[in-house]
Amino acid sequence: MADGDAPRLTASLAMNLVAAGREAQRRIEDALAPHGLTLRHLGALGHLARRPDLSYSDLARRSGITAQSMHATVRLLQEAGAVADSPVERGRRARLEVTARGRELLDEVAAALDRIDADLLDGLTAQQQTTVRDFTRSLLPFP
């Protein structure tokens, strides 16, 4: 590696986004741990809160994991009282619904995310904060 390579890497927007993402992920995981949740659990819970009609396969695809892994994830959410199977007609697929406890967890996590965001954006003007939020949102592969 030439002497000039390290500064080129640290000047890379892509590398800085990876490093920032890892730091944000660590902070989020730390905030989730007291609730017995991981990012995978949070993702499944969030998807189900928006779309209770999703199947295990749908949830797994959205999370980039196997259906078997998603079954284990949902099982933990059920054990925590955050998700429940709703009664369905015979021959129909079970419907997973977020319970009152699940909604409480989502609210608690949202408050923790607000604190993390405030910490990450500390020292920026309101306009700079808006610019950062808009820019990072524009990089997402989904709307």
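Residues numbered from 1 in each chain as written. Predicted model: local features only at pLDDT ≥ 70, side-chain atom pairs only at ≥ 80, totals over all residues. Heavy atoms only, no water.

1. Looking at the overall build of the protein
Within the protein one finds 7 helices and 2 strands. Each helix (α) and strand (β) of the protein, taken in turn from the N terminus, gives the series α-α-α-α-α-β-β-α-α. With 143 residues in all, the protein has 23% of them scored as buried. Considering only intrachain contacts with a sequence separation of at least 6, the fraction spanning at least 24 residues in the protein is 45%. (Helix = DSSP H or I, 4+ residues; strand = E, 2+ residues; numbered from the N terminus. Buried < 20%, exposed > 50% of the residue type's maximum accessible area, 1.4 Å probe, protein only. Contact = heavy atoms within 4.5 Å.)

2. Thoughts on helix α6 (residues 100-121)
Side chains that are three or four residues apart share a direction in an α-helix, a result of its 3.6 residues per turn. Between its first and last C-alpha, α6 extends 31 Å over 22 residues, near the 32 Å set by a 1.5 Å rise per residue. Of all the positions in α6, only Gly102, Leu105, Leu106, Val109, Ala112, Ile116 and Leu121 are classed as buried. Projection of α6 onto a plane perpendicular to its axis shows the buried side chains occupying an angular sector of 160°, all on one side. In this structure, α6 carries Ala100, Asp107, Asp114 and Arg115 as exposed residues pointing more than 90 degrees from its buried face. At its buried positions, α6 is contacted by α2 (13-32), α3 (39-50), β2 (95-98) and α7 (126-138). Just past α6, the residue Gly123 takes up positive phi, approximately 95°. (Expected span 1.5 Å × (residues − 1). Arc of directions from axis to C-beta.)

3. Points about a nonpolar patch on the surface
Taken together, the side chains of Leu13, Leu17, Phe135 and Leu139 present a nonpolar region at the surface, about 350 Å² in accessible area. Note that Leu17 resides in helix α2. By relative accessible area, which is 33% here, Leu17 ends up partly exposed. (Patch = residues over 30% accessible without salt bridge, like charges linked within 9 Å, V, L, I, M, F, W, Y side chains within 5 Å. Areas by Shrake-Rupley, 256 points an atom, 1.4 Å probe, with all protein chains shown as cover. Salt bridge = Lys/Arg side-chain N within 4 Å of Asp/Glu carboxyl O.)

4. What about the nonpolar core?
Looking at soluble globular proteins, one finds that nonpolar side chains tend to be buried together. Counting 22 residues, the largest nonpolar core has Leu45, Leu59, Met70, Leu77 and Val83 as the members making the most contacts within it. Residue assignment for this core shows that the elements contributing at least two residues are α2, α3, α4 (56-63), α5 (67-79), β2 and α6. Not counting the four nearest positions on each side in its chain, Leu77 is found in contact with Leu37, His41, Ala44, Leu45, Ala82 and Val83. (Core = buried A, V, L, I, M, F, W, Y, C linked by side-chain atoms within 4.5 Å.)

5. Section: the confidence of the model for the protein
A low pLDDT means the predicted coordinates there should not be read in detail. Taken as a whole, the protein shows an average pLDDT of 89; of its residues, 87% reach a score of 70 or greater. Helix α1 (residues 5-10) is the least confidently modelled element of the protein, averaging 66 in pLDDT, while α6 averages 96, the highest of any element. (pLDDT = per-residue confidence, 0-100.)

6. A few points about the environment of Ala111
Residue position: Ala111 is located in helix α6. The spatial distance from the C-alpha of Ala111 to the C-alpha of Ala31 is 9.9 Å, given a sequence separation of 80 residues.

7. Overview of the pattern of salt bridges
Considering all chains together, one arrives at 11 salt bridges under this definition. Between Glu108 and Arg101 there is a salt bridge, with its nearest N and O atoms 3.5 Å apart. Relative accessible area serves as the criterion here: at 31%, Arg101 is assigned to the partly exposed category. Of the charged contacts in the structure, one is a salt bridge between Arg133 and Asp117, with a shortest N-O distance of 3.6 Å. One end of the pair, Arg133, is in helix α7; the other, Asp117, is in helix α6, with 16 residues separating them in the sequence. For Asp117, a relative accessible area of 29% corresponds to the partly exposed category. Here the salt bridges share partners, and the residues they tie into one network are Glu23, Arg26, Arg27, Asp30 and Asp119.

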